Amino acid sequence: MDGSNIIDFRNKRILAPMVRVGTLPMRLLALDQGADLVYCEEIIDFKIINAKRFENETLGTLDFTLSDGTVVFRTCNREKSKVIFQLGTADAKRALISAKKVEDCIAAVDVNMGCPKEFSIKGGMGAALLKKPEKVKEILTTLVNNLSIPVTCKIRVLPSLEDTLNLVKLIESTGVVAIAIHARTQSERPRHPNRNDYIKKISESLKIPVIANGGSKEINCYKDIEQFWKDTGASSVMLARAAQWNVSIFNKNGMLSLPEVIREYVKYAIRYDSHYANTKYCVLQMMHEDMDMEEGQKMLGAMSLQEISEIWNLSKYYEETLKTRQKRSHNLALKRKC
Ligand code: FNR
């Protein structure tokens with residue numbers, strides 16, 4: 001790794017990896033709102049290996065898509081030095097092939113060692129790795145030794161603090177540049193308290209930056225982020241649910257109202273041609289406490305990006321964006337013919 005690829009993971013406010021939520025529109029909006037770094041949703045190694053890399057000149061993005069057109073990962077230059085690509089993997093070789101495929105368009109690679117879902121556990125991925133230190137070592141060492149960009153990992157804690165400390169020390173010894181700690185065990189749910197004292201002890205025991213995660217239940221405004229940071233003594237903080245509900249939580253000048261943040265999100269979804277179902281899901285997640293809003297009921301029935309745009313008074317933006325895109329696409333086709 002040469003010096004130009006080093007990212008400092010200290011003193012950062014970070015968007016956590018979130019399946020379905022952490023796609024390009026949410027990541028760019030998080031950066032607009034003050035996040036320093038953004039993790040993409042977990043991407044399983046097989047998927048990125050099977051994806052075809054494609055420079056999407058019409059959108060100005062780099063796409064990794066499956067043969068049926070499904071976008072596995074879409075990124076753009078603006079986030080290149082800020083985006084951390086999270087891998088779901090149980091195998092060092094597959095992890096390396098996957099990371100190599102995206103190495104030149106991302107800032108760092110992260111390995112997910114915290115997902116408690118059956119799909120991950122059965123595949124030996126996510127939290128299943130917490131019980132396989134040799135595998136953890138093999139995967140992380142392979143990535144660290146063969147990539148030109150930094151490697152990080154995100155874990156859940158083990159029930160015993162001592163076992164957790166042994167695990168994080170082993171992880172540190174592989175050469176990863178930072179570790180994110182969601183301080184709940186594999187079996188604990190979001191309603192259980194986050195073990196902030198574990199994060200504090202880990203922070204005191206490691207030399208690499210520790211990123212505190214799991215505090216969203218108590219985070220309702222920017223000031224609460226500082227409190228979580230203080231309580232955990234960590235180098236940086238990472239937010240998932242608080243950002244999923246209103247990503248302007250990262251804004252030190254105050255939060256946008258729910259309709260405002262949704263409109264900004266939908267604009268990015270239009271700009272980057274997101275699938276309507278993904279956009280609908282994310283907007284509904286943002287509205288979780290406000291389904292009485294007139295827009296909430298309309299969103300439930302929305303079947304296209306155009307309909308979503310209408311609901312949020314963005315029809316003009318939608319039409320203009322489409323027109324500009326068609327024009328660009330037409331010009332690119334002409335250029336190719338010449
Ligand atoms: C998650 N989480 C998660 N974690 C991870 O490592 N990779 C992932 O892809 C996901 N996906 C995901 C989706 C959604 C919708 C949620 C809410 C959460 C877990 C997440 O990153 C975080 O560790 C926990 O939510 C705890 O942090 P907060 O929510 O208290 O800030």
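Keep in mind the model is a prediction, meaning the values are calculated, not measured.

**Overview of the sheet that holds strand S6 (residues 71-75)**
Spatially, the three strands line up as an open sheet ordered S4-S5-S6, and their pairing is antiparallel. Bordering the open sheet on either side are strand S4 (52-56) and S6, each of which pairs with just one other strand. When strand polarity is set aside, the average angle formed by the axes of neighbouring strands in this sheet is 20°. In this sheet, strand S5 (residues 61-65) lies alongside S4 in antiparallel orientation, the contact comprising five bridges. Bridge pairing in S5 links Arg-53 to Phe-64. Against the sheet, helix H1 (residues 24-32) makes contact with S5 and S6, and its axis sits at roughly 25° relative to S6, the strand it touches most.

**A look at the pairing of strand S10 (residues 178-182)**
Moving residue by residue along a regular strand, the side chains alternate between the two faces of the sheet. In terms of burial, S10 is a largely internal element, five of the five residues being buried. With burial as the criterion, each face of S10 is covered, one bearing Ala-178, Ala-180 and His-182 and the other bearing Ile-179 and Ile-181. With five bridges connecting them, strand S9 (residues 151-156) and S10 associate as parallel partners. When the bridges of S10 are listed, Arg-156 appears paired with His-182. Read as a crossover between parallel neighbours, the route from S9 over helix H6 (residues 161-173) to S10 is right-handed. Where S10 meets strand S11 (residues 210-213), four bridges bridge the pair, whose relative direction is parallel. Note on S11: the bridge partner recorded for Ile-181 is Ala-212. For the handedness criterion, the β-α-β arrangement of S10, helix H7 (residues 196-205) and S11 is classed as right-handed.

**Side note on the side chain of Asp-110**
Mapped onto the fold, Asp-110 is located in strand S8 (residues 108-113). Among the polar contacts made by the side chain of Asp-110, one reaches the side chain of Gln-86 at a distance of 3.1 Å. Ignoring any residue separated from it by four or fewer positions in sequence, one finds Asp-110 in contact with Tyr-39, Ile-84, Phe-85, Gln-86, Leu-87, Thr-152, Cys-153 and Lys-154.

**Remarks on the site of the ligand**
Neighbouring residues of the ligand: 17 residues in total, closest Gln-86, Lys-154, Asn-213, Ser-216 and Arg-241. Side-chain polar atom of Lys-154 to an oxygen atom of the ligand: 2.8 Å apart, as the coordinates give it. One of the backbone N or O atoms of Gly-215 is found 3.4 Å from an oxygen atom in the ligand. If the ligand stood free it would expose 610 Å²; the protein chains cover 85% of that surface. Of the residues assigned to the shell around the ligand, the class counts are six nonpolar, eight polar and three charged.

**Some remarks on the pattern of salt bridges**
Enumeration according to the criterion identifies 14 salt bridges in this entry. The salt bridge involving Arg-74 is made with Asp-63; its shortest N-O contact spans 2.8 Å. Of this pair, Arg-74 sits in strand S6 while Asp-63 sits in strand S5, placing them 11 residues apart in sequence. We classify Arg-74 as buried; its relative accessible area is 14%. Judged by its relative accessible area of 1%, Asp-63 is buried.

**Considerations on the packing of aromatic side chains**
A complete count under the given rule lists three aromatic pairs for this structure. Ring geometry for Tyr-268 and Tyr-272: centres 6.3 Å apart, planes at 25°, overall stacked. A relative accessible area of 17% places Tyr-268 in the buried class. Of the aromatic side chains, those joined through ring pairs into one cluster are Phe-64, Phe-73 and Phe-85. The ring centre of Tyr-281 lies 4.0 Å from the NZ or CZ of Arg-20, which sits over that ring. A cation over an aromatic ring shows up here: Lys-267 above the ring of Tyr-317, its NZ or CZ 5.7 Å from the ring centre.

**Here we look at unusual backbone geometry**
Outside of glycine, negative phi angles account for most residues, and trans bonds account for most peptide bonds. The backbone phi angle of Asn-11 is positive, close to 60°, even though this residue is not glycine. Along the polypeptide, Asn-11 turns up in the segment before strand S1 (13-15). Non-glycine residue Arg-20 carries a positive phi angle of around 70°. Positionally, Arg-20 belongs in the loop between S1 and H1.

**Quick word on the pairing of S5**
For S5, a buried count of five out of five residues is recorded, marking the element as mostly surrounded by other parts of the structure. What you see with S5 is no split at all: Thr-61, Asp-63 and Thr-65 on one side and Leu-62 and Phe-64 on the other are buried throughout. From the end of S4 to the start of S5, which pair antiparallel, there are four residues, and Gly-60 there has a positive phi angle of about 75°. As judged from the four bridges shared by S5 and S6, these two strands associate in the antiparallel manner. By the bridge assignment, Thr-65 is partnered in S6 with Val-71. Linking two consecutive strands that pair antiparallel, namely S5 and S6, is a turn of five residues; a positive phi of about 95° is found at Gly-69 within it.

Cut-offs used in this document
Residues numbered from 1 in each chain as written. Predicted model: local features only at pLDDT ≥ 70, side-chain atom pairs only at ≥ 80, totals over all residues. Heavy atoms only, no water. Pairing = 2+ DSSP bridges. Helix = DSSP H or I, 4+ residues; strand = E, 2+ residues; numbered from the N terminus. Axes fitted to C-alpha atoms, helices over the stretch in contact; angles between N-to-C directions. Contact = heavy atoms within 4.5 Å. Buried < 20%, exposed > 50% of the residue type's maximum accessible area, 1.4 Å probe, protein only. Right-handed = clockwise from strand over helix to strand, strands pointing away. Polar contact = N/O pair within 3.5 Å; in protein donor to acceptor, adjacent residues only side chain to side chain. Near = heavy atom within 4 Å. Areas by Shrake-Rupley, 256 points an atom, 1.4 Å probe, with all protein chains shown as cover. Nonpolar A, V, L, I, M, F, W, Y, C, P; charged D, E, K, R; others polar. Salt bridge = Lys/Arg side-chain N within 4 Å of Asp/Glu carboxyl O. Phe/Tyr/Trp six-rings, centres within 6.5 Å; stacked < 30°, edge-to-face > 60°. Lys NZ or Arg CZ within 6 Å of the ring centre and 35° of its normal.

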